[in-house]
Amino acid sequence: MFLKVQLPWNVIIPAECLDAKGLMLQRQIIIRLLEAFSSKKATHELGYFLAVTTLENIGEGKVRQHTGDVLFPVVFSCLTFKLYRGEILNGVVHKVLKHGVFLRCGPVENIYMSCQKMPDYRYIPGENPVFMNEKMSKIEKDVVVRCIVMGTKWIEAEREFQALVSLEGDYLGPVSDEASLH
């Protein structure tokens, strides 16, 4: 799910980057904010940080005593992406294993669907392994699959989420190319 959130942030401008022109200062604040924002990646509460949408406010700068750098409190709006239990999503299969498949959806790289959560599909080994059902519907590498999120887990060390998904539900499974074009 995409969320629009408003966040406070502290931006530090090194003393050598300061000048008398207010426009250059504002540009430096925006550049530093974007650099800090892009390195943050994600948080447990908000999910993955995708984009800064608007800079709402730049507070009064405070000089740091020992360095001479200036700290500016800013408030900005941004878009984030977080998976929730019960949410329907479209993921792209990137790895097929005997016991299930791994999918990607947006910034989430580790989404796992166990073969036990793919009713009526059976594993067919080979050079390009695939899960197939009696109607010849295939789940293989690079196929888009609509699934439901059963649970998520936050991995603090990597600052990323993992998710478990299932095909158990109505209108879930591989999404045909023709259907997605219309």
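So, a few notes on the structure that sits alongside this text. Keep in mind the model is a prediction, meaning the values are calculated, not measured.

Comments concerning the environment of Leu172
Line of reasoning, step 1. With respect to the helices and strands, the residue Leu172 is situated in the loop between β13 (160–166) and β14 (173–174).
Line of reasoning, step 2. Separated by 77 residues in sequence, Leu172 and Lys95 have C-alpha atoms that sit 19 Å apart.
Line of reasoning, step 3. Filtering out sequence-adjacent residues up to four positions away, Leu172 remains in contact with Ile88, Arg146, Cys147, Ile148, Ser166 and Leu167.

Points about the pattern of salt bridges
Line of reasoning, step 1. Considering all chains together, one arrives at five salt bridges under this definition.
Line of reasoning, step 2. A salt bridge links Arg104 to Glu109; the nearest nitrogen and oxygen atoms lie 2.6 Å apart.
Line of reasoning, step 3. Taking the shortest distance from any N to any O, the salt bridge between Asp142 and Lys141 comes out at 3.9 Å. As far as burial versus exposure is concerned, Asp142 and Lys141 are alike and both exposed.

Description of the nonpolar core
Line of reasoning, step 1. Grouped together as the largest cluster of nonpolar side chains are 27 residues, with contacts concentrated most on Val101, Ile111, Ile139 and Leu167.
Line of reasoning, step 2. Looking at this core, the elements with two or more residues in it are β6 (88–97), β7 (100–105), β8 (108–114), β12 (144–155) and β13.
Line of reasoning, step 3. Per-element accounting of this core gives the leading share, four residues, to β12.
Line of reasoning, step 4. Each residue touching Ile139, except ones within four places of it in the same chain, is listed here: Val93, Val101, Met118, Tyr121, Val130, Phe131, Val145, Leu167 and Pro174.
Line of reasoning, step 5. Formed by 15 residues, the second largest nonpolar core is a distinct cluster that contains Val5, Leu7, Leu33 and Phe76.

Thresholds, definitions, all that
- Residues numbered from 1 in each chain as written.
- Predicted model: local features only at pLDDT ≥ 70, side-chain atom pairs only at ≥ 80, totals over all residues.
- Heavy atoms only, no water.
- Helix = DSSP H or I, 4+ residues; strand = E, 2+ residues; numbered from the N terminus.
- Contact = heavy atoms within 4.5 Å.
- Salt bridge = Lys/Arg side-chain N within 4 Å of Asp/Glu carboxyl O.
- Buried < 20%, exposed > 50% of the residue type's maximum accessible area, 1.4 Å probe, protein only.
- Core = buried A, V, L, I, M, F, W, Y, C linked by side-chain atoms within 4.5 Å.

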